[in-house]
Amino acid sequence: MAKILDDISRTFGEYLLLPRLTRRDQHIDRIDLSAPLSRSLNGAPGSLFINIPIVSACMQAVSGVDLAVALARQGGMSMIFCSQSIESQVEMVQKVKAHKAGFVVSGANIQPDATLQAVLELMTRSGHSTIPVTLDGSSEGEFLGLITDQDFWEFEDDLQNLVKDHMTPKAEVIFGVEGISLREANRLLHRHKKDCLPILTAEGHLSALVFKKDYVDHQKHPLELLDEGKRLRVGAAINTHDYQERVPALMAAGADALCFDSSDGFTEFQMDGLAWIRAQYGSEVVIGGGNVVSAEGFDYLAQSGLVDFIKVGIGGGSICITREQKGIGRGQASALLEVVARRDAYFEETGIYIPICSDGGLANDTQVVMALAMGADFVMMGRYFAMTEESPTSKISINGQMYKPYWGEGTARAQNWQRYSEGMSSRKMMFEEGVDAFVPLIGSASEVLETTLHKLKSTMMNLGSDSLKTFTDQAIITLVSEQSIVESGTSNVFKFSGNRDVDESDWGN
Ligand code: MZP
């Protein structure tokens, strides 16, 4: 007969943390949010850490080049999706690795014979106020000058005038030559009181731009996740079908970590993949396995000695219908608590520490905090990043509100890449495990992360924790009744919604 568990499947929203002693010497700016991505032995540090405990999901609608760059700049890491051809995934990894922090390929350029009207339209379309002028209007063309919104007045100048008559010509532009270090480029910006420095090749062609605002941004975000060569770090998803071709290509491209993208990692297929990759690359490669939702699943992957980190979660993803379609999965909090308990016992038994990633179903910042308090070393999120400017999809306006498309990897839309790129139509899709949806656009990755990380650090202060390790060790968590959940919201007050005809200055008086 089937075994029935005593406990029911629980979600993060059913728990609360109890405050512990907050010390006078604690400071929010000194809290360490770094998290391990690789396994370690007897308390020695592992080979790979992230500076904030957040990675982005292995999904087409989430982890493209722009998000990977934005997230690594904040200290986290993206897992570039594998539901695409090996060549295009490799190209994405290469683009992230080639991204020179501070050096930006110019996205909006114009020819000297274009009109001011065309410049205006380009500025509106691109959101840029400084436009390089190149002979052929491309980002690599011969550099002729710069035109900015200070060089003409929209309502005073004739917009049919030509760019060449208003631009600052090359002879008057301060520029750097390719090979210049970022530090030197920033010094030039500072010395000449400029906002933008074009970088030219020895032949005088445009190569990149360096902006003062990026320097300021870097100073504000010192947690950038860099490899030994000062390149941004990026991870890549892999599958159990083509790893013998995909992994060597990704390793050659410089991927910093690999991660099996599978809703169920408790399989011999994944074990075969892990064994093959380890045999080829030894400890040179960091590999994540999963997903699992039980101590049994954890043991299967951990005891092989092949895996660096293990992802937990089946069916909790915001676009996931695996539980409805197949009847498998587990409440994310129950799954995480059981796997973390087994991981800790395994560490006691063997001295081997395996980081745990809580993957999917995190509906808000509080749940991120709870997952980390419950012992996840880091979290993986899809919806959260799909909603940002940097996700790879195009914005769309619905009833005046901006949205972005977001779809699961288990949808026909995501799975169709094989048919288009490799003619692999033999594995016919019988049913979908995900849905195709829209999510509101909420801002840039740096803006949303700033809020999330601030809330996390604030809760860590409440628990008297200076690091994520002490956060978990000090966490006392209580299960709450349905009535407590009601009590957690506002109660017996009238909340304003929509526009208020009240002078803001009245508030707080
Ligand atoms: P979320 O952050 O949007 O709630 O969940 C993202 C996670 O959902 C992914 O990391 C992955 O584990 C899972 N996922 C992705 N596609 C599907 C699907 O189509 C899915 N069912 O469950």
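Cut-offs applied
- Per chain, residue numbering runs from 1 following the sequence as it is written.
- Restriction of local features to residues with pLDDT of at least 70 applies here, the model being predicted, together with a cutoff of 80 or more for giving and counting side-chain atom pairs; totals for whole chains, interfaces and linings are based on all residues.
- Each helix corresponds to a stretch of at least 4 residues labelled H or I by DSSP, and each strand to a stretch of at least 2 residues labelled E; elements are numbered beginning at the N terminus.
- As defined in this context, the radius of gyration uses C-alpha atoms, and a globule is described by 2.2 Å times the residue total to the power 0.38.
- Working definition of burial: number of other C-beta atoms within 10 Å of the residue's own, with buried at 20 or more, exposed at 12 or fewer, and partly exposed in between, all C-beta atoms being placed from the backbone.
- Two strands are said to pair when DSSP picks up at least two bridges between them.
- Each axis is a line fitted through C-alpha atoms, taken for helices only over the stretch in contact, and angles between the N-to-C directions span 0 to 180 degrees.
- Here the contact rule is simple: place C-beta atoms from the backbone, and any two residues whose C-beta atoms are within 7 Å are in contact.
- Each residue gets a C-beta atom placed from its backbone. If that atom is within 6 Å of a molecule or strand, the residue is near it.
- Three residue categories are used. Nonpolar comprises Ala, Val, Leu, Ile, Met, Phe, Trp, Tyr, Cys and Pro, charged comprises Asp, Glu, Lys and Arg, and polar comprises the others, including Gly.
- Angles are sorted into four bins: roughly parallel if under 35 degrees, roughly antiparallel if over 145, roughly perpendicular if 65 to 115, and oblique for all others.
- Helix crossings are classified by the rotation of the near helix relative to the far one: an anticlockwise turn of less than a right angle makes the crossing left-handed, while a clockwise turn makes it right-handed.
- Multiplying one less than the number of residues by 1.5 Å gives the expected span of a helix.
- Directions are taken from the helix axis to each C-beta atom, and the arc is the one they span.
- To define a nonpolar core, we join buried Ala, Val, Leu, Ile, Met, Phe, Trp, Tyr and Cys residues through C-beta atoms within 7 Å and take the resulting set.
- Across the chain, each position has a pLDDT score giving the predictor's confidence in that residue, from 0 to 100.
- Orienting the strands away from the viewer, one traces the path from the first strand over the helix to the second; a clockwise path indicates a right-handed crossover.

1. Here's the deal with the overall build of the protein
Per the secondary structure count, the protein includes 17 helices and 23 strands. A globule of 509 residues ought to have a C-alpha radius of gyration of about 23 Å, and the protein, at 25 Å, matches this closely. Each principal axis of the C-alpha atoms in the protein carries an extent, and together these give about 85 × 65 × 50 Å. By residue count, 40% of the 509 residues in the protein fall in the buried class.

2. Description of the sheet that holds strand E6 (residues 77–80)
Sheet architecture is closed into a barrel: eight strands sit in the order E5-E6-E13-E14-E15-E16-E18-E19, paired in parallel fashion. Across this sheet, the average inter-strand angle for adjacent strands is 25°, counted without regard to direction. Judged from the three bridges that link them, strand E16 (residues 309–312) and strand E18 (residues 356–359) form a sheet pairing that is parallel. Looking at E18, one finds that Lys-311 is bridged to Cys-357. Running at roughly 155° to strand E15 (residues 287–292), helix H8 (residues 295–302) makes contact with E15 and E16 of the sheet.

3. Observations regarding the site of the ligand
Residues in contact with the ligand amount to 24 residues; listed here are only the nearest, Gly-317, Gly-382, Gly-408, Gly-410 and Gly-434. Of all the elements in the fold, those that place two or more residues in the shell around the ligand are strand E19 (378–381) and helix H12 (383–386). Here the residues of the shell around the ligand sort into eight nonpolar, twelve polar and four charged.

4. Digging into the sheet that holds strand E21 (residues 401–407)
An order of E20-E21-E22 is seen for the three strands of this open sheet, with the pairing classed as antiparallel. Two strands in the sheet have a free side with no partner beyond their single neighbour: strand E20 (396–398) and strand E22 (436–440). With direction set aside, neighbouring strand axes in the sheet form an average angle of 50°.

5. Some words on the packing of H8 against helix H10 (residues 332–350)
Direction vectors running N to C along H8 and H10 enclose 45°, while the axes themselves pass 8 Å from each other. Between H8 and H10, the angle is such that the two are oblique. As for the relative orientation of H8 and H10, their crossing is right-handed in sense. Here Ala-295, Phe-298, Asp-299 and Ala-302 of H8 come into contact with H10, specifically with Glu-338, Val-339, Arg-342, Arg-343 and Tyr-346. Considering only residue class, the contact of H8 with H10 consists of five nonpolar, no polar and four charged.

6. A closer look at the environment of Ile-80
Summarising the element assignment, Ile-80 is placed in strand E6. Ile-80 sits 355 residues away from Val-435 along the chain, and the two C-alpha atoms are 20 Å apart. Those residues within four positions of Ile-80 in sequence are excluded, and the remaining contacts are Ser-63, Ala-68, Gln-89, Met-92, Val-93, Val-234, Ala-236 and Ala-237.

7. With respect to the packing of helix H2 (residues 86–98) against helix H6 (residues 243–253)
Interaxial distance between H2 and H6 falls to 9 Å at its minimum, and their mutual angle equals 20°. As the angle between them shows, H2 and H6 are arranged roughly parallel. Read as a crossing pair, H2 and H6 show a hand that is right-handed. Counting all contacts with H2, which are made through Ile-86, Gln-89, Val-90, Val-93, Gln-94 and Lys-97, the residues of H6 involved are Glu-245, Arg-246, Ala-249, Leu-250 and Ala-253.

8. Observations regarding the environment of Leu-337
Along the chain, Leu-337 turns up in helix H10. For the pair Leu-337 and Val-293, spaced 44 residues apart in sequence, the C-alpha to C-alpha distance is 9.4 Å.

9. Re helix H7 (residues 268–281)
In this model, H7 (14 residues) spans 20 Å end to end at C-alpha, consistent with the 20 Å of a helix rising 1.5 Å per residue. When we look at burial in H7, the residues that qualify are Gln-270, Gly-273, Leu-274 and Ile-277. The arc that holds the buried residues of H7, viewed along the axis, is 100°, so those residues lie on one side. Among the exposed residues of H7, those oriented more than 90 degrees off its buried face are Glu-268, Asp-272 and Ala-279. Looking at the buried side of H7, the elements it contacts are H6, strand E14 (257–260) and E15. Just past H7, the residue Gly-282 takes up positive phi, approximately 55°.

10. A short note on the nonpolar core
Residues Val-93, Ala-236, Leu-258, Ile-310, Ala-371, Leu-372 and Val-379 are the most contacted members of the largest nonpolar core, which totals 101 residues. Beyond its immediate sequence surroundings of up to four residues, Val-93 is in contact with Ile-80, Val-234, Ala-236, Leu-250, Ala-253, Gly-254 and Ala-255. Ranked by size, the runner-up nonpolar core spans 25 residues in total, among them Ile-131, Leu-146, Val-173 and Leu-189.

11. As for unusual backbone geometry
Of note, the bond from Gly-290 into Asn-291 is cis; its omega dihedral lies within 30 degrees of zero at 10°. Of note, Lys-193 is a non-glycine position whose phi angle comes to about 55°, a positive value. Of note, Lys-193 is situated in the loop between helix H4 (182–191) and strand E11 (196–200). You can call Lys-193 exposed: it has 8 C-beta atoms within 10 Å. With a phi angle near 50°, Asn-399 is a residue other than glycine that sits in the positive phi range. Relative to the helices and strands, Asn-399 resides in the loop between E20 and E21.

12. Observations regarding the confidence of the model for the protein
Per-residue confidence for the protein averages 91 on the pLDDT scale, and 95% of its residues sit at or above 70. Across residues 500–509, confidence stays below pLDDT 50; counting only partners more than four residues off in sequence or on other chains, it has zero contacts.

13. Re H8
Turning to H8, its buried residues are Gly-297, Phe-298, Tyr-300, Leu-301 and Ala-302. Among the structural elements, E15, E16 and H10 are those in contact with the buried residues of H8.

14. With respect to the pairing of E15
Among the six residues in E15, six count as buried, and that is most of the element. For E14 and E15, the ladder comprises two bridges, and the chain directions are parallel. In the strand pairing of E15, Cys-259 is matched with Gly-288. Taken together, E14, H7 and E15 constitute a β-α-β crossover, and its handedness is right-handed. For the segment spanning E15, H8 and E16, crossover handedness is right-handed.

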